[in-house]
Amino acid sequence: MKRALITGITGQDGSYLAEFLLAQGYEVHGIKRRASQFNTQRIDHLYEDPHDHDPRFHLHYGDLSDSSNLTRILSEVRPDEVYNLAAQSHVGVSFESPEYTADIDALGTLRLLEAIRFLGLQETTRFYQASTSELYGLVQEIPQRETTPFHPRSPYAVAKLYAYWITVNYREAYGMFACNGILFNHESPRRGETFVTRKITRGLANIAMGLEDCLYMGNLDARRDWGHARDYVRMQWLMLQQDAPEDYVIATGQQHSVRDFVQWSAAALGLTLAFEGSGVDEVARVERVAGPVGPGGQAGRRDPADRSGLFPAGRGRDAAGRRHAGTRAAWLDARDRRTPDVRRDGRRRPRHRAPVRDAARQRPRDPRGLRTIARMRQTGGMPA
Ligand SMILES: Nc1nc2c(ncn2[C@@H]2O[C@H](COP(=O)(O)OP(=O)(O)O[C@H]3O[C@H](CO)[C@@H](O)[C@H](O)[C@@H]3O)[C@@H](O)[C@H]2O)c(=O)[nH]1
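By convention here, each chain's residues receive numbers from 1 onward along its written sequence. Totals for whole chains, interfaces and linings use all residues, but because this is a predicted model, local features are given only for residues with pLDDT of at least 70 and pairs of side-chain atoms are given and counted only at 80 or more. Hydrogens and water are ignored here; the side-chain numbers use all heavy atoms of the structure.

- Under an unreviewed UniProt entry, the chain has the name GDP-mannose 4,6-dehydratase and belongs to Salipiger mucosus DSM 16094.
- UniProt positions are given in the numbering used here, feature names are shortened, and annotations may be inferred rather than shown by experiment. UniProt annotates the chain under Catalytic activity (unreviewed entry) with the comment "GDP-alpha-D-mannose = GDP-4-dehydro-alpha-D-rhamnose + H2O".
- Recorded in UniProt for the chain, the comment headed Sequence similarities (unreviewed entry) runs: "Belongs to the NAD(P)-dependent epimerase/dehydratase family. GDP-mannose 4,6-dehydratase subfamily."

1. Digging into the overall build of the chain
Part 1: Helix numbering and strand numbering both begin at the N terminus, where a helix is a DSSP run of H or I of at least 4 residues and a strand a DSSP run of E of at least 2. Of the regular secondary structure elements, the chain holds nine helices and 15 strands.
Part 2: Considering the chain as a whole, with its 384 residues, one finds that 47% of them fall into the buried category.
Part 3: The accessible surface values rely on the Shrake-Rupley method and a 1.4 Å probe; as for residues, cover is taken only from the protein chains in view. A total of about 19900 Å² of accessible surface is found on the chain, and carbon and sulfur atoms cover 49% of it. For every residue, the accessible area obtained with a 1.4 Å probe (protein chains only) is divided by the maximum for its type, and the residue is called buried under 20%, exposed over 50%, and partly exposed between those limits.

2. What to know about the packing of aromatic side chains
Any pair of aromatic rings gets described here by the distance separating the centres and the angle formed by the planes.
Part 1: Note on aromatic pairs: the rings of Phe, Tyr and Trp (six-membered ring only in Trp) are paired at centre separations within 6.5 Å, and the planes decide the class, stacked below 30 degrees, edge-to-face beyond 60, tilted for the rest. By the definition in use, this model includes nine aromatic pairs.
Part 2: Taking the centre distance of 6.1 Å and the plane angle of 40° together, the rings of Tyr-83 and Tyr-128 count as tilted. Taken together, the residues span a long stretch of sequence, with Tyr-83 in strand E4 (residues 81-84) and Tyr-128 in strand E5 (residues 126-132) at a distance of 45 residues.
Part 3: Within the aromatic cluster, the residues linked to one another by ring pairs are Tyr-136, Phe-150, Tyr-164, Trp-165 and Phe-184.

3. What about the site of the ligand?
Part 1: Near the ligand lie 23 residues; those nearest to it are Ser-89, Thr-132, Tyr-156, Lys-199 and Arg-224.
Part 2: Polar contact criterion, stated in full: a pair of N or O atoms within 3.5 Å, where within protein one must be able to donate a hydrogen and the other to accept it, and residues adjacent in sequence count only if both atoms are side-chain atoms. With respect to the ligand, the backbone of Thr-194 contributes an N or O atom lying 3.1 Å from a nitrogen atom.
Part 3: Between the ligand and Lys-199, the relevant distance is 2.7 Å, taken from an oxygen atom to a side-chain nitrogen or oxygen of the residue.
Part 4: Within the complex, the protein chains bury 94% of what would otherwise be the 710 Å² of accessible surface of the ligand.
Part 5: Looking at the shell around the ligand, the elements with two or more residues in it are helix H6 (196-208) and strand E8 (214-217).
Part 6: In this classification, the charged set is Asp, Glu, Lys and Arg, the nonpolar set is Ala, Val, Leu, Ile, Met, Phe, Trp, Tyr, Cys and Pro, and all remaining amino acids, among them Gly, are polar. Its residues placed into classes, the shell around the ligand shows 12 nonpolar, eight polar and three charged. Neighbouring residues are identified by heavy atoms, a residue being near a molecule or strand if any of them is within 4 Å of it.

Pasting the structure below:
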């Protein structure tokens, strides 16, 4: 049975790759960071108790900043394949934490490669490095290919450039089977919520459900090549199954703008947006609401004279604490009022409960997950 070790197993790609490798019959080991809160939501369905008979899924505490820890895990697992997916992966955040980003993304890769070499595993362990289209930054040719010169434009991309070349260097200097996967953007429902696709889908869904009233965006005209993460982890595996190690670009070959993504997401929710203004003053208002909105719900009718957005400010309540007409909450209230408590069969009808509010219904349970609503302003910056 082949053994794989995945750094970054708790992330989007790590979770899909673990699923994929388990289905291929691998024994899968993952490195997760210690955190005071649970950080394994994406892989909880794969968890096997270590006391079970012959589990094939194992988690180890570790960190790419900790060489002795990496060396110990590698010497215990002695993997056939290592997938280095762990990183500080947010481009915007790398401007705020450039040194941390370099430590994990650049030196972390070196630590892992060096631990493989130090343990004498360089001839048996194959190595995948999660490289990135961000290396191209200021693009030198269109489309980009494996031979296109790099011009990174963020601390993240510069750190990943070091990781790229140190991977090439270990391949050339020590004969390691080491590959860089230069992946363009790849998304899924498991994508982190501060990356643009999840930020938009979450934000607009919250607007449609009346939970928020504004979503602030950065550059709407930025263009990205978006694939699905599940397809891309298969590519990662395929790179390590070739006869000889090489670096590969993975993309769909199609680019779309962030603005397109906003409009598709709005359309899926039955919202029609009207864009006004330009540059940092651009605003998109919800012009029409149609069809079912939100899981199991439908939008309330909106006063066409109201140009302030789908839902007025004040979290959808007036001074007396009554919900405004036009919000999903108001629609649910109205449904509860007009629907008898007891069904025809004599059973009690379940009442609507706000799913994302705390007991006092004052604050969102997860404040990070719940900032949203109906005005989109182009700030020119790149907020998370
Ligand atoms: N995050 C974010 N991005 C915004 C926003 N508004 C516009 N954007 C633009 O949306 C684009 C896509 O951003 P993200 O999907 O958040 O990340 P990324 O910068 O493309 O980087 C991702 O893909 C790389 C290539 O695969 C990865 O290397 C990187 O780790 C990350 O996953 C960027 O050009 C960004 O300027 C916003 O409000 N938030």
